[in-house]
Amino acid sequence: MLAGSFAAAEAQTAFGPANAKETYYWISQNSTLPLFVRSDYRGMKKVADQLGVKIRIAGPTSIDLQQFIATIDQVCAQKPAGISVVGWDPALTASVNKCIAMHVPTVVDDADLPNSKRLAFIGTDWHTIGEEQAKAIIKALPNGGEIAALSMVNADNMKQAVSGFTATLKAAGPRYKIVAYQDDAGDSSTAASVASSIMAAHQNIAAMAGFDSESGPGIVEAVTEAHKQGKIVVTAMEQTPEFFKTLTTGSTTAIIVQNRELFTYYAFRLLYDFNHNGLSTNGLTSWEGKPIPVNVNTGVLVVTKDNVGPMLANTPKY
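Calculation notes
Residues numbered from 1 in each chain as written. Predicted model: local features only at pLDDT ≥ 70, side-chain atom pairs only at ≥ 80, totals over all residues. Heavy atoms only, no water. Helix = DSSP H or I, 4+ residues; strand = E, 2+ residues; numbered from the N terminus. Rg over C-alpha atoms; globule rule 2.2 N^0.38 Å. Buried < 20%, exposed > 50% of the residue type's maximum accessible area, 1.4 Å probe, protein only. Contact = heavy atoms within 4.5 Å. Areas by Shrake-Rupley, 256 points an atom, 1.4 Å probe, with all protein chains shown as cover. Lys, Arg positive; Asp, Glu negative; His and termini not counted. Charge placed at Lys NZ, Arg CZ, Asp CG, Glu CD. Expected span 1.5 Å × (residues − 1). Arc of directions from axis to C-beta. Pairing = 2+ DSSP bridges. Axes fitted to C-alpha atoms, helices over the stretch in contact; angles between N-to-C directions. Phe/Tyr/Trp six-rings, centres within 6.5 Å; stacked < 30°, edge-to-face > 60°. Disulfide = S-S within 2.5 Å. Salt bridge = Lys/Arg side-chain N within 4 Å of Asp/Glu carboxyl O.

(A) Region of the structure containing the overall build of the chain. In terms of helices and strands, the chain carries twelve helices and 13 strands. Against the globule reference of 20 Å for 318 residues, the chain gives a C-alpha radius of gyration of 20 Å, in line with a compact fold. Referenced to the eigenvectors of the C-alpha coordinate spread, the extents of the chain come out at roughly 60 × 40 × 35 Å. For the chain, the residues scored as buried account for 52% of the 318 residues in total. For the chain, the proportion of contacts with a sequence separation of at least 24, taken over those separated by at least 6, is 72%. As displayed, the chain has an accessible area near 13400 Å², and 51% of this comes from carbon and sulfur atoms. The averaged location of the 28 negative side-chain charges in the chain is 4 Å from the averaged location of its 25 positive side-chain charges.

This is how it looks when you write it as structure tokens:
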């Protein structure tokens, strides 16, 4: 069972009944990230209980790409019933392909690996995330201004987000100028330091956008310390429930929420269906004609001070 406190939930490594006949894996780096614990873990627990299967969490608890790759390889060698990989980096493609070659059902969630042989991608269109953050800045700054962006710059999903962000601002006209795009390594302390450096280098900075879950808290910390709260428009990604309160104080203008619980839930629903639904495409086997959807877009929510109330009032309790 999912434990009754945040700290205990963070330590969980598996969900589902002890006597489950099938074991599936969810693999990510930074695998105990608070955002994952709050949302992704909840989706996994729910689907594991409903299907009567075991779902194990695996992967480094820090940003460690090589260990992430090694974990995928090690798990596939065990021939589990299925695997869902958080596709943060194209370097994961070869390992996902190895899993498929070994006939270990493998899907990708959150961020896609479009050049891999994964059975399906379940998650958010990150280009849309970039567009929505840009739209929020444009609405808040109708006269334009200098803008900075922070993310894990080498992550493919972040690149897609920044592409949508850049294209939307460009379409709005030359009055919107991106003057900095820097790496925060998926760490809020690093993001705070980077944001401070950007403000020092660009005295007229009018907005900052953060594209990983740690960017926003770091930006808000830096902006608050610089006594520019409410003077610099901040858009960010979903984080802990406490972070949503920054919308009510004016520290952030918009927070983009992925349906994380939903896409993690459906990742394992699809893997289970691949193994059990018995559907066939013109008599082909499951491996020859995929009996599950190839892409599932679970959408986003754009949360502002105007609609954050219900989210604050209904924060899940652990």
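What follows picks up the thread again.
(B) Highlighting helix α3 (residues 65-77). Over its 13 residues, α3 extends 19 Å from the first C-alpha to the last, a length consistent with the 18 Å expected when each residue adds 1.5 Å. Turning to α3, its buried residues are Phe68, Ile69, Thr71, Ile72, Val75 and Cys76. One side of α3 carries all its buried residues, which in axial view fall inside an arc of 155 degrees. Turned more than 90 degrees away from the buried face of α3 sit Gln66 and Ala77, all of them exposed. For α3, the secondary structure elements touched by its buried residues are β2 (23-27), β3 (54-58), β4 (82-86) and α4 (93-101). Looking one or two residues beyond α3, the residue adopting positive phi is Lys79, at roughly 55 degrees.

(C) Region of the structure containing the sheet that holds strand β6 (residues 121-123). One open sheet accounts for seven strands, arranged β1-β3-β2-β4-β5-β6-β12; its pairing is mixed. Where the open sheet ends on each side, the last strands, each with one partner, are β1 (14-15) and β12 (295-297). Both β6 and β12 contribute to a ladder of three bridges, which runs parallel. If you follow Ile122 over to β12, its bridge partner there is Val296.

(D) How the structure looks around the sheet that holds strand β9 (residues 205-210). Strands sit in the order β8-β7-β9-β10-β11-β13 across an open sheet of six strands; the sheet is mixed. Both edges of this open sheet fall to β8 (176-183) and β13 (300-303), since each of them pairs with a single strand only. For this sheet, the mean inter-axis angle between neighbouring strands, taken without regard to orientation, is 15 degrees. When β9 meets strand β10 (residues 233-237), the two strands line up parallel, connected through three bridges. If you follow Ala209 over to β10, its bridge partner there is Thr235.

(E) Representation of the packing of aromatic side chains. If you walk through the whole model with that rule in mind, you get eight aromatic pairs. Measuring from centroid to centroid gives 6.3 Å for Trp26 and Tyr41, while their planes differ by 80 degrees, and the two rings are edge-to-face. Of the two residues, Trp26 sits in strand β2 while Tyr41 sits in helix α2 (residues 34-51), which places them 15 residues apart along the sequence. For the residue pair Trp26 and Tyr41, the accessibility class agrees, reading buried in each case. On the basis of an interplanar angle of 75 degrees and a centroid distance of 4.9 Å, the ring pair of Phe274 and Trp287 is categorised as edge-to-face. One end of the pair, Phe274, is in helix α11 (residues 260-276); the other, Trp287, is in the loop between α11 and β12, with 13 residues separating them in the sequence. By relative accessible area, Phe274 is classed as buried at 4%. An aromatic cluster of three or more residues is present, and its members are Phe15, Trp26, Phe36, Tyr41 and Trp88.

(F) Quick look at the state of the cysteines. All told, the structure shown has one disulfide when counted by the stated rule. Between Cys76 and Cys99 runs a disulfide, and the two sulfur atoms are separated by 1.7 Å. Looking along the S-S bond of the Cys76-Cys99 disulfide, the torsion reads about 90 degrees, which is the right-handed sense. Here Cys76 is found in helix α3, whereas its partner Cys99 is found in helix α4, with 23 residues between them in sequence.

(G) Highlighting the pattern of salt bridges. Per the stated rule, a full pass over the model turns up nine salt bridges. Between Asp40 and Arg260 there is a salt bridge, with its nearest N and O atoms 2.7 Å apart. Taken as a pair, Asp40 in helix α2 and Arg260 in helix α11 lie far apart in primary sequence, 220 residues in all. The same class applies to Asp40 and to Arg260, which are both buried. Here Lys245 ties to Glu242 by a salt bridge, and the two come within 3.3 Å at their closest N and O atoms. Glu242 sits in the exposed class, given a relative accessible area of 52%.

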